[in-house]
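# Inside the fold
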Amino acid sequence: MSIRNLDAIFKPRSIAIVGASARPGSVGLVLTQNVLAGGFAGQILAVNPKHSTVAGLNTCADVSRLPVTPDLAVICTPPATVPGIVAELARRGTKGVVVITAGFKELGSAEGRRLEQAILDAAQPFLMRIVGPNCVGVMSTAIGLNATFAHIGPRRGNVAFVTQSGAMATTVLDWASDRGIGFSYLASLGDMADVDFGDMLDYLANDPDTTAIMLYIESITSSRKFMSAARAAARVKPVIVIKAGRHEAAARAAASHTGAMAGADAVYDAAFRRAGMLRVQTLSELFDAAETLATSLPLAGDRLAILTNGGGAGVLATDALLDHDGRLADLSPATVTSLDAVLPQTWSHGNPIDIIGDAPGSRYAAALRILQQAPEVDATLVLNCPTAISSGVDAARAVAEVASGSRKAIMTSWLGSSAAVDARRLFAAAHIPTYETPDAAIRGFMHLVRYNRNRTQLLEVPDASSPAPSARVEAARAIVERAAAKGSGWLRPDDVADLLECYGIRTVGSRFASDPERAAESASALGFPVALKIVSPEITHKSEVGGVALGLKSAKDVRSAADAMLDRVRQAMPGAHIEGFIVQEMIHRPLAHELILGMAVDRQFGPFLLFGQGGTAVEVIGDKALALPPLNRTLACDLMARTRIFRQLKGYRDRPAADLDAIADVLVRLSQLACDLDEIVEIDLNPLLADDAGAIVVDARVRTEHPESARVRGSRLAIVPYPRDLEESVEVSGIGQALLRPVKPEDAAAILRLFDNLSPEDVHFRFFGAIRTMSRDLIIRLTQIDYDRQMAFVLEAGGEILGVARLSADPDNCRAEFAVTVRSDLKSRGMGTLLMRRLVDYARRRGIEELVGEILAENARMISLARDLGFRLEIKTGAAGTLQATLPLREARPAAPDGQST
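Residues numbered from 1 in each chain as written. Predicted model: local features only at pLDDT ≥ 70, side-chain atom pairs only at ≥ 80, totals over all residues. Heavy atoms only, no water.

## Describing the sheet that holds strand β14 (residues 278-280)
One open sheet accounts for seven strands, arranged β9-β8-β11-β10-β12-β13-β14; its pairing is mixed. Single-partner strands in this sheet number two, and they are β9 (145-148) and β14. Strand-to-strand, the axes of this sheet are offset by a mean angle of 20 degrees, without reference to chain direction. Examined bridge by bridge, strand β10 (residues 156-163) and strand β12 (residues 212-217) share five bridges and lie parallel to one another. The residue bridging Ala160 from the neighbouring strand is Ile213, located in β12. (Pairing = 2+ DSSP bridges. Helix = DSSP H or I, 4+ residues; strand = E, 2+ residues; numbered from the N terminus. Axes fitted to C-alpha atoms, helices over the stretch in contact; angles between N-to-C directions.)

## A closer look at the packing of helix α19 (residues 516-526) against helix α20 (residues 555-572)
Put simply, α19 and α20 touch, their axes get as near as 8 Å, and they point 145 degrees apart. The way α19 lies across α20 gives a crossing that is right-handed. Every residue of α20 that contacts α19 at Pro516, Glu517, Ala519, Ala520, Ala523 and Ser524 is listed here: Ala555, Val558, Arg559, Ala562, Asp563 and Leu566. Its residues assigned to classes, the contact of α19 with α20 comprises eight nonpolar, one polar and three charged. (Left-handed = near helix turned anticlockwise from the far one by under 90°. Contact = heavy atoms within 4.5 Å. Nonpolar A, V, L, I, M, F, W, Y, C, P; charged D, E, K, R; others polar.)

## Things to note about the pairing of strand β2 (residues 43-47)
Counting buried positions along β2 yields four of five residues, so the element is predominantly enclosed. Here strand β1 (residues 14-18) pairs with β2 via five bridges, running parallel. Residue pairing for β2: Ile17 is matched across the bridge by Ala46. In this region the chain leaves β1, passes through helix α2 (residues 27-37) and returns to the parallel neighbour β2; the handedness of that crossover is right-handed. Pairing between β2 and strand β4 (residues 57-60): two bridges, direction parallel. In the sheet register, Val47 faces β4, and the bridge partner there is Cys60. (Buried < 20%, exposed > 50% of the residue type's maximum accessible area, 1.4 Å probe, protein only. Right-handed = clockwise from strand over helix to strand, strands pointing away.)

## Quick notes on the pattern of salt bridges
Taken as a whole and judged by the stated rule, the model has 46 salt bridges. Of the charged contacts, one joins Arg363 and Asp358 as a salt bridge, the two residues approaching to 2.8 Å between their closest N and O atoms. Residue Arg363 is classed as buried on the basis of its relative accessible area of 14%. Residue classification places Asp358 among the partly exposed residues on the basis of a relative accessible area of 36%. Between Asp638 and Arg642 there is a salt bridge, with its nearest N and O atoms 3.2 Å apart. (Salt bridge = Lys/Arg side-chain N within 4 Å of Asp/Glu carboxyl O.)

## Things to note about the packing of aromatic side chains
Inspection of the entire model under this criterion finds 12 aromatic pairs. Between Tyr268 and Phe272, the aromatic rings sit 5.8 Å apart at their centres with planes inclined by 50 degrees, giving tilted as the arrangement. With Tyr268 and Phe272 both in helix α9 (residues 264-274) and four residues apart, the pair spans about one turn of that helix. Cluster of aromatic residues (ring-pair linked, three or more members): Phe226, Tyr268, Phe272 and Phe605. Its end group placed over the ring of Tyr268, Lys243 keeps NZ or CZ at 4.6 Å from the ring centre. Here Arg701 stacks its cationic end above the ring of Trp490, 3.7 Å away from the centre of that ring. (Phe/Tyr/Trp six-rings, centres within 6.5 Å; stacked < 30°, edge-to-face > 60°. Lys NZ or Arg CZ within 6 Å of the ring centre and 35° of its normal.)

## A few points about the state of the cysteines
Note: disulfide means a covalent bond formed between the sulfur atoms of two cysteine side chains. Summed over the entire model, instances satisfying the criterion amount to zero disulfides. Sulfur of Cys135: no disulfide; nearest cysteine sulfur belongs to Cys76 and is 11 Å away. (Disulfide = S-S within 2.5 Å.)

## Description of a nonpolar patch on the surface
On the surface, Val548, Leu550 and Met586 cluster together into a nonpolar patch covering about 240 Å² of accessible area. Its place among the elements puts Met586 in the loop between β25 (580-585) and β26 (593-602). Under the relative-accessibility criterion, Met586 is labelled partly exposed at 32%. (Patch = residues over 30% accessible without salt bridge, like charges linked within 9 Å, V, L, I, M, F, W, Y side chains within 5 Å. Areas by Shrake-Rupley, 256 points an atom, 1.4 Å probe, with all protein chains shown as cover.)

## So, the sheet that holds strand β37 (residues 850-856)
Hydrogen bonds along the backbone pair up the strands of a sheet, which may run parallel or antiparallel. Spatial ordering of the open sheet is given by β32-β33-β34-β35-β36-β37-β39-β38, a layout of eight strands whose pairing is mixed. Edge strands, defined here as strands with exactly one partner in the open sheet, are β32 (728-732) and β38 (872-875). The sheet shows a mean angle of 25 degrees between the axes of neighbouring strands, taken without regard to direction. Note that strand β33 (residues 736-742) and strand β34 (residues 790-797) share four bridges and pair antiparallel. Residue pairing in the sheet places Pro742 in a bridge with Phe793 of β34. On top of the sheet, helix α26 (residues 760-767) reaches β35 (800-809), β36 (815-822) and β37; it is set at about 175 degrees to β36, its chief contact.

## Let's talk about the environment of Leu873
Mapped onto the elements of the fold, Leu873 is located in strand β38. In this structure the C-alpha to C-alpha distance between Leu873 and Pro745, which are 128 residues apart in sequence, comes to 33 Å.

## Remarks on the environment of Ile719
As for its position among the elements, Ile719 is in the loop between β31 (700-704) and β32. Overall, Ile719 belongs to the buried group, its relative accessible area being 3%. Spatially, the C-alpha atoms of Ile719 and Ala275 are 9.7 Å apart, while their sequence positions differ by 444 residues. Discounting residues that sit within four places of it in the chain, Ile719 has contacts with Met227, Arg231, Arg274, Leu628, Pro629 and Pro630.

Here it is as structure tokens:
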């Protein structure tokens, strides 16, 4: 369930306060007073069995005696009474409930869990939505709704705040009030028995009164639902998040390097980044970021110019920028020459641009105009230190005038206290981001940079010239299933090598040997020199127990090393079961970098991938970055670029650049392995040697667990990967064999070519208007779909896309809109019918209740196809010349019994 009936909570026409109280200081009284004081224009009802009136409202003894059925009920009665109240309201037809009451699963008791489940059992058959329990309540400023027991009411604004913590809700309200910050909605979700962050993101993404969404997260419930909703919301408006518990002492311990290096918070960070959200650490950052993103122009890059009338302020800003890994713009000779023409000879002749303490507004304006035209500058921070010679307000007016016609981001910081008040007000009125200190301004700029990077990654168009790697999935599955059947644990090295070979991941030549004599024979077969390593499921880090010997040059050396190794290992770990040895070729690549690539499973987000600097000191170095699968080459390169080792991989001095494409290829293949094989829970490829000759795995470890039998394969993934199982080969009249498959991000160029092969009439039929070219944003929307809530099938032959049929389901998976397009010069071959039948079959199997679409009345072919497929056609109300096509796919969900409503 997602946004269904959330309007009953955030846009109700009537409210019942169940537990309204006349007792001073009670939640019931404060809640009632807040509802009455908020300006809500709808009907307000009160329920209290002991008093006939509360705060001037006539009361009913119980909900069964309410004169009308409320859209929303807010409950603050003892825990044991709540399930019965919810059941009665649900039977009457109430669609939204906020449970303020605490005392449910947050107590950790069996009784608390039972009561919470009883609430859900009562609500779900009637599609009633529940916020809470154990929450402060909800606010919707557009309708004057304050259904909370907060100590202060909100200002109206365009920022939505969603929080698990009730204390954080009231704190943020208080904090924002002093700063004149308003809200569109505030939702305290509490225990999130029903309505959660995914639901709220879906709801707020399409809300016209909300321009930015702020989240305070302690945990999430469904990672896949959250990621799907977050990615959809972040495409249309800024989503800014604080995650509490960054240094949780209970971070998962793990046997592998990957698990030990990751930590739960790092996985959250990877998830937020992948979803295109901006993560901040403090409340002040949260609001600063919301204001900056709402008022600033988008960035084309990350090069900042700093314009100041005080050298010290400019230096402070530069230090802060470099501390945050920002980039100072390098002024070109042409820009310096232009500045020379308008500035005193004593200006700094570099960035920061110090225009001297006596700078009037006209000097600020002249310099700022030049910086705005400079191609090497992406944004400008303007600083002002108060002086007795020139007016800070005049300088602010000059900056505001330039900013009004600017296409690049401008940020300001007028230093001081009373001297800066008027200038800051001027900037606020002109919607120019302004900050009290240079450090805060730099932090705001870096919010823009990080948000821009995350959103760019979210909207990145992958290179179609890099095909997805092939893999022998069934052979790999047989290896891990065979191992998992024997019980959870680490695969034997020879099984690991076979598994990686199934995915095309190159490893050094190796052989398993059960004893020293066979180890010597294996070494002779491989050729000298060789490496010898102990094999034991109990030994995680072989070098720590003397389980590694390198550079062995003869069979005799191998036998002697194996005997000595057995003695060392048995002494170091007497209880370890030793299975034998692995004998490997020695790799001589002196200029290669040691990397680690890994995979582990997070409790919330499922599998994640790790990349960083490898070797025996991997945890000490701590150079790593994380990402959620699935990865394509673009995402793999971004993952690599977020590490310190990446700079070395690009080459320096006499060390050539490593083959970055080869490293990215291993990451993509590792991602595919993680998506395909639920039995695998940890992988370490450490080290992976990488140089200009490519990448090769020297040591690898893989751990398996038997997955839960009831779990659908692939369901542990937070992001739905490309559904290869939906691919099928079909015969097309006059064309031959074609591939019918889901669309991929790499199809962008082919989709554009399909558009170019549509006649103006077909473009009009598909888009209900004249479109000459497809914008980049439209191409991204059509090819980068979320397979959890959308689907588009393409017909591909000879590298060209011949037709597309797509559906987009609502977040509740009840209704889906469809559209179909076939190349204009390839009609009358049955492709439209083939695509639509596949789409209808998919929608039916997915459980969608009905397919709907709009068809122009003159589109005779589509009308005929819709009739043949059983669609019901009706004239669309209020849209002359348009037909509504509807195809019921299964019986609609049972509706709640009729009840009185306002």
